[in-house]
Amino acid sequence: MKTSYDVVIVGTGIAGLHCALNLPKHLSVLLVAKDYAWECNTFYAQGGVAVAKDEADIALHVSDTLHAGAGHCVKEAVDVLCSEGPKAIASLIKRGFCFDSDEKGDLLYTKEAAHSTHRILHAGGDATGRHIHLFMMQHLPFPILYNTQVTDLLMHENTCYGVRVLHAGDIINLYGKKVVIASGGVGSLYEYHTNARTISADMQGMCLSHSIELADMEMMQFHPTAFVLGTAVRKQLLSESLRGEGAKVVDDEGRRFVFDYHPDGELAPRDVVSRAIFDYKQKSGKEVYLDVSDFEESHFQKRFPSIYFNMKNIGYNLPSERIPISPAFHYSMGGIRTTMNGEVLHVKHLYAIGEAAHTGVHGANRLASNSLLEGLVFSYRAALDIQATLSNASSVISFSEKEAILICEGDKILKNELRHLMWCHAGIVRNEQNLQFARKRVKEMLELPIGKLLRLRLLVSQEIIQSALKRKASLGAHFIQKRS
Ligand code: SIN
């Protein structure tokens, strides 16, 4: 098996695939997927891709992003995202990708919470991520190594030389002149989440274990509307575009209580709606529902086919039946700190892009549908930077293929305990006492004889908790409940 490449990309979501698509075909590039290539967050993305509709909309897209980010965004990153977004979309369309359009061929834009205008492109109705993923896979000129768990970064003196992986029962070192982390966020740390089952913070944990800086790890986003009943690990997302197009959040009596919390009701920023649902459920003891009954059935089925059929399989007839909902963990605004070109700070030849990265573009609360755009824009920049600097890569040094024990008996029970702990104590509403409890328990777990993969999860959980403890005042998605 070939083990030396120009570029090794970890992850096959929009950021990893788009980075690969923008690298010259003569390079040797390998993508590494933990499972099937489609088991990634991109594949499950419903709502769409936010993008400025015209030149005049760029400034408005910037201001909506900054506003949702609660003043915590890095303005330079937001400017890059919003001004380079239209070009990224145009290039995808030029390659042959079809977003949904009307009979005249004009692109259809929808609206989602905290956007001041309709600027969300979608494909296959509510299957935007799946369509983009399939399209990129069809055009990918490089191989993917499937079912491959990355177990470590090959690091020496602040330089990355590749990754160690577990593949088909063997530990192998894969060397790359450039290594790109595009492995997504941290979903599996939480009991209720909307993420692909592969998204478990491993790469962030490896960064921590090599003293590579993560930033804003207290900023965890909870999507307001997920169907969390049932045993599926990944909870069914009910796209924000449903609310953008008229769905209502109601209680048992049909009351639209979110207006008690914010004048924009269901279309307030995502963190506000999530907390309103969480708080209302706790205080009133009532069930909360998404009411889509204003949609005409044939339109609903055409516009939201995935939700329509998935919910039908679970036993809900839409749009007539209301869906019980809860917030669920959705997206990590925090991540591996990078430059605007995706270079990981203070590490040579290592990049991070997409949800794994922290450019500061999302601040304290990501604006709906900005993440697929982020995946496109920053992966393109990383691809350009890789091409420009490939010849500077250090000569390869050889690493041992020894690896620690990855999984121990008993890890599964602890993993589930961790998910519950993070959901209850470092979730939507936090307080000092709960965070201290979680900190103590995570420390205890780290002292147990556990496998490396669980250790990585615990390191990232610890980082989330410690960052949350450091930020004393509420900001965006980080909400600290004061004692009354
Ligand atoms: C959704 O469809 O509500 C998800 C969009 C996003 O996470 O940006």
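Just above, that's the structure.
Just so we're clear, the structure is a prediction, and the values are computed from it rather than from any experiment.

Basis of the calculations
Residues numbered from 1 in each chain as written. Predicted model: local features only at pLDDT ≥ 70, side-chain atom pairs only at ≥ 80, totals over all residues. Heavy atoms only, no water. Pairing = 2+ DSSP bridges. Helix = DSSP H or I, 4+ residues; strand = E, 2+ residues; numbered from the N terminus. Axes fitted to C-alpha atoms, helices over the stretch in contact; angles between N-to-C directions. Parallel < 35°, antiparallel > 145°, perpendicular 65-115°, else oblique. Contact = heavy atoms within 4.5 Å. Nonpolar A, V, L, I, M, F, W, Y, C, P; charged D, E, K, R; others polar. Near = heavy atom within 4 Å. Polar contact = N/O pair within 3.5 Å; in protein donor to acceptor, adjacent residues only side chain to side chain. Areas by Shrake-Rupley, 256 points an atom, 1.4 Å probe, with all protein chains shown as cover. Buried < 20%, exposed > 50% of the residue type's maximum accessible area, 1.4 Å probe, protein only. 1 Å grid on protein atoms, 1.4 Å probe; cavity = no way out; pocket = protein on both sides within 12 Å on 5 of 7 lines; lining within 4 Å. Points joined across faces, edges and corners; volume = space filled by probe spheres on them. Core = buried A, V, L, I, M, F, W, Y, C linked by side-chain atoms within 4.5 Å.

### Some points on the sheet that holds strand E4 (residues 109-110)
And then number 1: The strand order across the open sheet built from 3 strands is E3-E5-E4, with neighbouring strands paired in antiparallel fashion. At either end of the open sheet lies a strand with only one pairing partner, and these are strand E3 (49-50) and E4.
And then number 2: In terms of strand pairing, E4 meets strand E5 (residues 120-121) through 2 bridges, oriented antiparallel. Its bridge partner being in E5, Tyr109 is matched across the sheet by Leu121.

### Topic: the packing of helix H4 (residues 75-95) against helix H11 (residues 370-389)
And then number 1: Between H4 and H11, whose axes approach to 8 Å, the crossing angle comes to 85°. Looking at the two axes, H4 sits roughly perpendicular to H11. Here H4 contributes Ala77, Val80, Leu81, Glu84, Gly85, Lys87, Ala88, Ile89 and Leu92 to the contact with H11, which in turn contributes Asn370, Leu373, Glu374, Leu376, Val377, Phe378, Tyr380 and Arg381.
And then number 2: In the contact of H4 with H11, the residues fall into 11 nonpolar, 2 polar and 4 charged.

### Considerations on the site of the ligand
And then number 1: Residues in close proximity to the ligand include Gln46, Gly47, Glu112, His223, Leu237, Ser239, Glu240, Arg270, His330, Arg366, Ala368 and Ser369, which together make up its full environment.
And then number 2: Measuring from an oxygen atom of the ligand, one finds a backbone N or O atom of Gly47 at 2.8 Å.
And then number 3: Ser239 places a polar side-chain atom, nitrogen or oxygen, 2.7 Å from an oxygen atom of the ligand.
And then number 4: Contact with the protein chains removes 94% of the 260 Å² of surface that the ligand exposes when unbound.
And then number 5: Taken together, the residues of the shell around the ligand sort by class into 2 nonpolar, 6 polar and 4 charged.

### Here we look at the pairing of strand E16 (residues 326-332)
And then number 1: Counting buried positions along E16 gives 7 out of 7 residues, so the element sits mostly inside the fold.
And then number 2: Here strand E11 (residues 220-227) runs beside E16; their pairing, made up of 5 bridges, is antiparallel. Across the sheet, the residue bridging to Met220 is Ser332, located in E16.

### As for the pairing of strand E7 (residues 148-156)
Strand residues, when the strand is regular, have side chains that alternate between the two faces of the sheet.
And then number 1: Counting buried residues along E7, 8 of its 9 residues qualify, which places the element largely inside the surrounding structure.
And then number 2: As judged from the 8 bridges shared by E7 and strand E8 (residues 159-167), these two strands associate in the antiparallel manner. The residue of E8 that forms the bridge with His156 is Thr159.

### Considering the layout of surface pockets
A water-sized probe, rolled over the atoms, reveals where empty space remains.
And then number 1: Each pocket or cavity is described by its volume, and for the second largest pocket that value is around 390 Å³.
And then number 2: Those elements that provide at least two residues to the lining of the second largest pocket are helix H12 (411-425) and helix H14 (452-470).
And then number 3: For the lining of the second largest pocket, the residue count by class is 5 nonpolar, 4 polar and 8 charged.

### Some details on the nonpolar core
And then number 1: Of all hydrophobic cores here, the largest spans 62 residues; its most connected members are Leu153 and Tyr190.
And then number 2: A total of 10 residues in this core trace back to one element, the largest contributor, which is H14.
And then number 3: Those residues within four positions of Tyr190 in sequence are excluded, and the remaining contacts are Met220, Phe222, Phe329, Arg419, Met422, Trp423, Ala426, Gly427, Arg430 and Ile464.
And then number 4: One finds Leu21, Ile132, Phe142 and Phe378 within the second-largest nonpolar core, a separate group that totals 54 residues.

### A few points about the side chain of Lys452
And then number 1: By the element assignment, Lys452 lies in helix H14.
And then number 2: Side-chain polar atoms of Lys452 contact the backbone oxygen of Thr151, separated by 3.0 Å.
And then number 3: Sequence-distant contacts of Lys452, defined by excluding residues within four places in its chain, comprise Thr151, Asp152, Glu403, Ala404, Ile405 and Leu406.

### Considerations on the environment of Lys178
And then number 1: With respect to the helices, strands and loops of the structure, Lys178 is situated in strand E9 (residues 170-181).
And then number 2: Expressed as a C-alpha distance, the spacing of Lys178 and Thr159, which sit 19 residues apart in the sequence, is 9.9 Å.
And then number 3: Those residues in contact with Lys178 that sit more than four places away from it in its chain are Asp6, Val7, Val8, His349, Tyr351, Ile386, Thr389 and Leu390.
And then number 4: In terms of polar contacts, Lys178 uses its side chain to reach the side chain of Thr389, at 2.8 Å.

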